[in-house]
Amino acid sequence: PACRAMAKPKGGSAAAPTPAAPPPTKRLPAGAKATAGLCVFIAAMGVVAQQAYDIRMYAIRDYGYVIHEFDPWFNYRATEYLAANGWHAFFHWFDYMSWYPLGRPVGTTIYPGMQITAVAIWRALGKLGSAISLNDVCCLVPAWFGVSASILVGLFAAECSGRKSAGAFAALIMAIVPAHIMRSVAGGFDNESVATTALVATFYCWVRALRDRPTARDGEATADSYAFGVLCGLAYVYMVSAWGGYVFVVNMIGAHAAALAAGGRYSSKLHRAYSLFYVIGTAGATRVPPVGLAPLRSLEQMLPLLVFLGVQLLEAVEVERRKKRLTPAQVWKRRVQLAMPAAALLVVATAAILPTGYFGPLSSRVRGLFLKHTRTGNPLVDSVAEHQ
């Protein structure tokens, strides 16, 4: 029987053996893949932080803990005065050693966020038992905030692109780009070193507040729009307290919100995020001495105010749409019905207020964008290169 089993079948050759099936490919579960990607991203952020800090410390390694340049020296003097004399005396300080021979009313002309930050860090380290001096803290603050700005740029890019690899690459670029290094090198105790971190934090919280959530239905607001809308407003207040460039931030966010609404992407989460940002941010900004009521009076800050009023009208229609199940055509009709009288009221109010001088003129910096030879009449201001 064995011989018969081995014999060739009639009419042809022996059948070829069936190839074995390949083993099934092992794939990582979705959760494990996401965890691995997050770990790689965190490791990349660690490398970014190390490189950003190491680059910015070269001045300390070469020359020691020395404050350099004129403005950082004044900022350090102001920080010393705040640490020694307290909050009330700082905001009523008239410095006869600055702007000689006129002197300078520091309390009404300084953006105090950086000084408050440095003193708070110095006192916190002292509570923890560190003997670091205020001078050393002021020298290191730019490097510390240069690292935080680089990491925040990575988070911002990852949120916008949806790819952690893009975020890691953006963070690396921010860590080594010369334009950022020159404003955050250790010893360069200037406003931009702190304000850049506040600026990027504001933008990150803004886009994070608008993240889509599958659980949100019919354009409803999300928990993110509330939480990060509040954080966005607080980050903006910190930005205002640190640097006069806050006008750029509020206009960028206002323009982005307007573009989303005009592009048909309005939802209640946009209303919540922008309303919380604008109300908290504007209320906090008016408490910064050099700013005052400028957010409500300056022409260059009218766009964010108009956007705030506009999203209130859009939200009123959105609530009515969900309640009455309006069609798209009915929604647009209601928007026009509300917008026309609101626009007329706004025009009448502006015509009544404008002759009183309530609205301030455009700043010389903004006018200088269009008229290159704009002068303020103050030789000290006009002599600074960045004002020309």
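Residues numbered from 1 in each chain as written. Predicted model: local features only at pLDDT ≥ 70, side-chain atom pairs only at ≥ 80, totals over all residues. Heavy atoms only, no water.

Enquirer: How should the packing of aromatic side chains be read in this particular structure?
Expert: Any two aromatic rings considered together are summarised by their centre-to-centre distance and by the angle between their planes. In total, this model carries 15 aromatic pairs according to the counting rule given. Taken together, a centroid distance of 5.9 Å and an interplanar angle of 55° make the contact between Tyr274 and Phe277 tilted. With Tyr274 and Phe277 both in helix H13 (residues 268-285) and three residues apart, this pair spans about one turn of that helix. Judged on exposure class, the residue Tyr274 and its partner Phe277 are both buried. Taken together, a centroid distance of 5.0 Å and an interplanar angle of 25° make the contact between Tyr278 and Phe308 stacked. Residue Tyr278 is found in helix H13, and its partner Phe308 is found in helix H15 (residues 302-324); the two are separated by 30 residues along the sequence. (Phe/Tyr/Trp six-rings, centres within 6.5 Å; stacked < 30°, edge-to-face > 60°. Helix = DSSP H or I, 4+ residues; strand = E, 2+ residues; numbered from the N terminus. Buried < 20%, exposed > 50% of the residue type's maximum accessible area, 1.4 Å probe, protein only.)

Enquirer: So what exactly am I meant to see when it comes to helix H8 (residues 164-176) here?
Expert: Working note: α-helix, 3.6 residues per turn, so residues spaced by three or four point in the same direction. The end-to-end C-alpha distance of H8 is 19 Å, a good match for the 18 Å that 13 residues give at a rise of 1.5 Å each. Among the residues making up H8, those that are buried are Gly167, Ala168, Ala170, Ala171, Met174 and Ala175. For H8, the arc enclosing every buried residue in end-on projection is 165°, short of the 170-degree limit, so these residues lie on one face. (Expected span 1.5 Å × (residues − 1). Arc of directions from axis to C-beta.)

Enquirer: Looking at this structure, how should I read a nonpolar patch on the surface?
Expert: Nonpolar side chains collect at one region of the surface, where Phe169, Leu172, Ile173 and Ile176 lie side by side and expose about 350 Å² of accessible area between them. Positionally, Leu172 belongs in helix H8. With a relative accessible area of 32%, Leu172 lands in the partly exposed category. (Patch = residues over 30% accessible without salt bridge, like charges linked within 9 Å, V, L, I, M, F, W, Y side chains within 5 Å. Areas by Shrake-Rupley, 256 points an atom, 1.4 Å probe, with all protein chains shown as cover. Salt bridge = Lys/Arg side-chain N within 4 Å of Asp/Glu carboxyl O.)

Enquirer: Quick question: what am I supposed to make of unusual backbone geometry here?
Expert: Most peptide bonds take the trans configuration, and most residues that are not glycine carry a negative phi. One non-glycine residue, Glu69, lies in the positive phi region at around 80°. By secondary structure assignment, the location of Glu69 is in the loop between helix H3 (58-63) and helix H4 (70-91). With a relative accessible area of 49%, Glu69 lands in the partly exposed category.

Enquirer: I keep staring at helix H11 (residues 223-242) and nothing clicks. Help me out?
Expert: Look at H11: 29 Å from first C-alpha to last across 20 residues, which is about the 28 Å you get at 1.5 Å a residue. Those residues of H11 not exposed but buried are Asp224, Ser225, Phe228, Gly229, Cys232, Gly233, Ala235, Tyr236, Met239, Val240, Ser241 and Ala242. Looking at the buried positions of H11, the neighbouring elements they touch are helix H6 (113-127), helix H10 (191-209), helix H12 (246-262) and H13. (Contact = heavy atoms within 4.5 Å.)

Enquirer: Looking at this structure, how should I read the packing of H11 against H12?
Expert: What describes two packed helices is the angle between their axes and the distance between those same axes. Where H11 contacts H12, the axes come no closer than 9 Å and their chain directions differ by 155°. For the element pair H11 / H12, the angle class is roughly antiparallel. Between H11 and H12 the crossing geometry is left-handed. The segment H11 lies against H12, with Cys232, Tyr236, Met239 and Val240 engaging Tyr246, Val249, Val250 and Ile253. Residues belonging to the contact of H11 with H12 are distributed by class as follows: eight nonpolar, no polar and no charged. (Axes fitted to C-alpha atoms, helices over the stretch in contact; angles between N-to-C directions. Parallel < 35°, antiparallel > 145°, perpendicular 65-115°, else oblique. Left-handed = near helix turned anticlockwise from the far one by under 90°. Nonpolar A, V, L, I, M, F, W, Y, C, P; charged D, E, K, R; others polar.)

Enquirer: Where do I start with the layout of surface pockets in this structure?
Expert: Picture a little ball the size of a water molecule; that probe, rolled over the atoms, points out where space is still empty. If you add up the space inside the second largest pocket, you get close to 510 Å³. In terms of lining residues, the second largest pocket is bounded by 19 residues, among which Leu309, Gly310, Leu313, Leu314 and Ala339 are the most central. Of all the secondary-structure elements, those providing two or more residues to the lining of the second largest pocket are H12, H15 and helix H16 (328-353). Among the elements that take part in the lining of the second largest pocket, H16 stands out by supplying nine residues, more than any other. Per-class residue counts for the lining of the second largest pocket are 17 nonpolar, one polar and one charged. (1 Å grid on protein atoms, 1.4 Å probe; cavity = no way out; pocket = protein on both sides within 12 Å on 5 of 7 lines; lining within 4 Å. Points joined across faces, edges and corners; volume = space filled by probe spheres on them.)

Enquirer: It is not clear to me how the environment of Val153 should be interpreted in this structure. Could you clarify?
Expert: You can see Val153 is positioned in helix H7 (residues 134-161). A relative accessible area of 15% means that Val153 is categorised as buried. Between the alpha carbons of Val153 and Ala170 there is a distance of 6.5 Å; along the sequence they are 17 residues apart. Leave out the neighbours within four places in its chain, and Val153 touches Ala170, Ala171, Met174 and Val200.

Enquirer: Please explain the nonpolar core as it appears in this structure.
Expert: Side chains that are nonpolar tend, in soluble globular proteins, to be buried together. Counting 75 residues, the largest nonpolar core has Phe90, Phe189, Trp206, Tyr236, Ile253, Tyr274 and Phe277 as the members making the most contacts within it. Those residues in contact with Ile253 that lie beyond four places of it in its chain are Thr202, Phe203, Trp206, Cys232, Tyr274 and Phe277. Listed in part, the nine residues of the second largest apolar core include Met45, Val48, Ala49 and Ala168. (Core = buried A, V, L, I, M, F, W, Y, C linked by side-chain atoms within 4.5 Å.)

Enquirer: For this particular structure, what's the right way to read the side chain of Glu315?
Expert: Within the secondary structure, Glu315 is located in helix H15. If we ignore the near neighbours within four places in the chain, the residues touching Glu315 are Tyr266, Ser268, His271, Arg272 and Arg322.

Enquirer: Teacher, can you tell me more about the confidence of the model for the protein here?
Expert: Low pLDDT marks regions whose predicted coordinates should not be analysed in detail. For the protein, the mean per-residue pLDDT works out to 87, and 86% of the residues sit at or above 70. Across residues 1-9, where pLDDT falls below 50, the model places one contact with residues more than four positions away in sequence or in other chains. (pLDDT = per-residue confidence, 0-100.)

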